[in-house]
Amino acid sequence: MRFSFLLWLITQLTFVSAQNVFEIDLNRYRNDALELQYTPYAVPPSDTLVFSFPATVPGTYDTQDYGRFVTRLTALDALQRPLPVKRIGVNRWYIFKARNLQHITYCVEDVIDKPVRKHPIFQPAATAFDSNVFLFNGGGVFGYIEGAESQQVSVRVKKPKRLYGLTALDTKLENDSLQVFRATSYHQLIDCPVLFTKPDTVCFKVNQTDVTLSVFDVQGTSRARNMYNALKRDMNAVAKVLPVLPVKAYTFIIYVDDLRPLGAVLNGNSMSFFKKIQLALQFRNLGLGALEHGQSSVYYLGDFGSEITLRDLQLESQLSSAAIHEFMHIITPLGLHSECIGNFNYQNPVMSKHLWLYEGVTEYFAHYIKYKGGVYTENEFLKVMQEKLRVGATFPINTMAFTEMSAHVLESKYQKYYTQVYERGAALAFLLDAEIQRLTQNKKRLLDVVLQLHAQYGPAHSFSEDSCFEMFTRAVHPELKVFFDTYINGKTAWEPNKQLHALHLHFHDSLRVLTRLNPLNERHNDIKVKRNATGTMAEIIKTGPQEWAGFMPGDKINYIEFSENFAAHKNTDDVFSVSLNRKGKKIMLQINPKTGLVLENSVLQKQEGKSFLLN
Ligand SMILES: [Zn+2]
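Below or above, wherever it landed, is the structure these notes cover. (Residues numbered from 1 in each chain as written. Predicted model: local features only at pLDDT ≥ 70, side-chain atom pairs only at ≥ 80, totals over all residues. Heavy atoms only, no water.)

**Brief notes about the coordination of the zinc ion**
Around the zinc ion, the protein supplies His325 (NE2), His329 (NE2), Glu359 (OE) and Glu359 (OE) as donor atoms, at distances of 2.0 to 2.8 Å. The coordination sphere of the zinc ion comprises 4 donor atoms, whose angles at the metal cover 51 to 142°; the geometry is irregular. Within one chain, the residues serving as donors to the zinc ion are arranged as H-x3-H-x29-E. Here His325, found in helix H6 (residues 315-328), pairs with Glu359, found in helix H8 (residues 355-372); they are 34 residues apart in sequence, far enough to count as distant. Residue classification places His325 among the buried positions, given a relative accessible area of 5%. Residue classification places Glu359 among the buried residues on the basis of a relative accessible area of 2%. (Donors = N, O, S within 2.8 Å, 3.2 Å for Na, K, Ca; no water. Tetrahedral: all angles 85-135°; square planar, octahedral: opposite > 155°, others 65-115°. Helix = DSSP H or I, 4+ residues; strand = E, 2+ residues; numbered from the N terminus. Buried < 20%, exposed > 50% of the residue type's maximum accessible area, 1.4 Å probe, protein only.)

**Focus on the sheet that holds strand S21 (residues 296-303)**
Across the sheet, 5 strands lie side by side as S17-S18-S19-S21-S20; this open sheet has mixed pairing. Bordering the open sheet on either side are strand S17 (201-206) and strand S20 (289-292), each of which pairs with just one other strand. Taking the axes of each pair of neighbouring strands and ignoring which way they run, one obtains an average angle of 15° across the sheet. As defined by bridge partners, S17 adjoins strand S18 (residues 209-217) across 6 bridges and the pair is classed as antiparallel. The residue of S18 that forms the bridge with Cys203 is Thr212. Relative to the sheet, helix H3 (residues 224-241) contacts S17, S18, strand S19 (249-258) and S21, its axis offset from that of S17 by approximately 10°. Running over the sheet, H6 touches S19, S20 and S21 and is turned about 160° from S21. (Pairing = 2+ DSSP bridges. Axes fitted to C-alpha atoms, helices over the stretch in contact; angles between N-to-C directions. Contact = heavy atoms within 4.5 Å.)

**Considerations on a positive patch on the surface**
Where like charges cluster on the molecular surface, the positive patch consists of Arg156, Lys158, Lys172 and Arg182. With respect to the secondary-structure elements, Lys172 resides in strand S14 (residues 170-175). On the accessibility criterion, Lys172 (48% relative accessible area) is partly exposed. (Patch = residues over 30% accessible without salt bridge, like charges linked within 9 Å, V, L, I, M, F, W, Y side chains within 5 Å. Areas by Shrake-Rupley, 256 points an atom, 1.4 Å probe, with all protein chains shown as cover. Salt bridge = Lys/Arg side-chain N within 4 Å of Asp/Glu carboxyl O. Lys, Arg positive; Asp, Glu negative; His and termini not counted. Charge placed at Lys NZ, Arg CZ, Asp CG, Glu CD.)

Structure representation (structure tokens):
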């Protein structure tokens with residue numbers, strides 16, 4: 001058995017050009033399901049093999065169990081006679097008499113519109129099939145023979161002429177109706193999603209890298225040009241800060257869903273209780289956001305309607321808030337990772353303890369580049385870091401080290417702190433950058449060290465889980481190890497000023513700050529305010545003698561509109577007007593600005609008389 005397995009491996013090495021082939025006909029898509037035929041070029045000379053779909057895929061740090069969406073799996077011999085098959089779990093099938101295996105056929109249902117209670121799949125990792133769009137996230141479409149993940153794969157897709165499959169994979173249009181894709185391995189197939197749609201595309205360059213952006217909009221609106229405009233400033237910042245990018249080409253894949261009914265609720269439009277419940281159920285697992293890959297990223301965004309006032313929910317903001325982070329993943333983990341990611345196990349993944357690096361450092365770089373590339377002012381950058389330090393401090397560091405949360409992130413006890421990778425993780429990266437600049441007398445910065453290690457390892461070589469901290473320490477200074485042992489691998493509460501003083505910054509747990517007063521904030525004005533359940537409307541319940549803005553009890557204000565308006569009037573002497581409902585009448589209230597000393601928690605400030613230093 002062992003001998004013959006070895007022989008099989010040698011055959012694989014010898015016939016490198018041989019490929020496993022998937023065949024799909026998009027024209028035959030029926031009832032939300034696609035039929036596939038898989039032809040392995042070599043099967044292990046064993047009586048039984050295991051055909052599987054991923055339980056999870058890199059970058060999601062969550063369970064997908066794509067096998068849930070697979071039906072009618074059949075194994076056939078050369079004469080099209082079925083071979084015995086037995087399902088042995090959500091994602092795995094035994095195929096018996098495997099020496100005779102010629103094809104495997106199966107159907108996959110799409111994920112995007114299937115509400116599932118347990119382990120809902122994050123939309124950017126989902127599949128979507130409809131006559132106008134086919135979004136392939138490989139795990140939800142392609143299975144693999146266990147042990148054959150490193151073999152080459154080709155995918156032959158028959159398609160309607162009007163659709164084109166955009167992807168980072170090597171691809172060729174054989175004719176109008178047949179597009180062929182080639183992957184060097186199953187890993188690459190999973191790492192390269194494909195979006196088949198009527199092309200709505202923009203191509204541009206970031207330094208030497210060719211970037212393509214492709215959009216599918218459920219409502220059929222053409223959006224690529226607007227999306228490009230939303231990205232342009234950030235991409236220019238990337239080009240300024242990173243003169244050489246580690247990829248030749250990059251693809252943004254964007255799926256825009258129609259979430260206008262939800263937008264109406266958020267805008268405070270009246271709606272029956274029944275309708276609200278219906279919407280809440282429909283959208284309960286909604287995962288707006290993005291997922292990174294080596295040379296592409298997939299975005300699931302929502303159109304909340306043109307009247308949406310909440311800036312974060314405007315379509316272009318949704319894209320630009322995620323895109324630079326996803327793009328920066330080309331450095332880590334995609335070009336710098338441990339063996340847990342390099343040799344990813346789709347069934348029983350071993351989670352890496354270095355999420356501080358993959359997500360924390362990436363999130364920090366996204367903001368660092370915006371600052372260095374001129375998108376953020378110094379103040380805006382410090383505000384972002386202040387917020388990360390504030391939220392990051394709520395991580396239960398006495399009970400779990402950051403590396404421990406990371407290594408166990410699939411367990412629910414730890415999963416609930418996952419989002420801290422973007423908060424505490426990014427704050428740790430900021431402190432690490434300060435520490436590196438201190439230890440090297442400002443000769444090195446975190447970005448230099450990460451790029452140096454990226455050049456050393458790259459996408460094809462993994463570092464070992466346990467050597468990561470030594471690797472960084474060796475590249476910087478022996479003392480850096482203490483930082484890792486104490487704050488990242490240890491359970492010690494951070495003392496940010498130990499690192500931040502090197503940048504001429506000071507973090508205050510609380511401080512009286514001269515602030516532009518917010519007339520609707522109870523700490524800033526002598527009022528009592530009640531907000532409705534969705535937080536969209538505010539009502540003045542009571543006013544006291546110190547009330548200064550002109551509000552009266554009973555005034556009703558669209559809170560979202562007000563907040564946007566208040567944020568837009570940054571200048572301390574701007575008069576601004578608020579539209580409100582007073583005793584059933586709409587009035588405009590002119591508010592004179594006011595400043596005052598307010599006790600704030602978590603304040604990041606420059607040290608008295610010094611200027612902020614960040615290389
Ligand atoms: Zn990320």
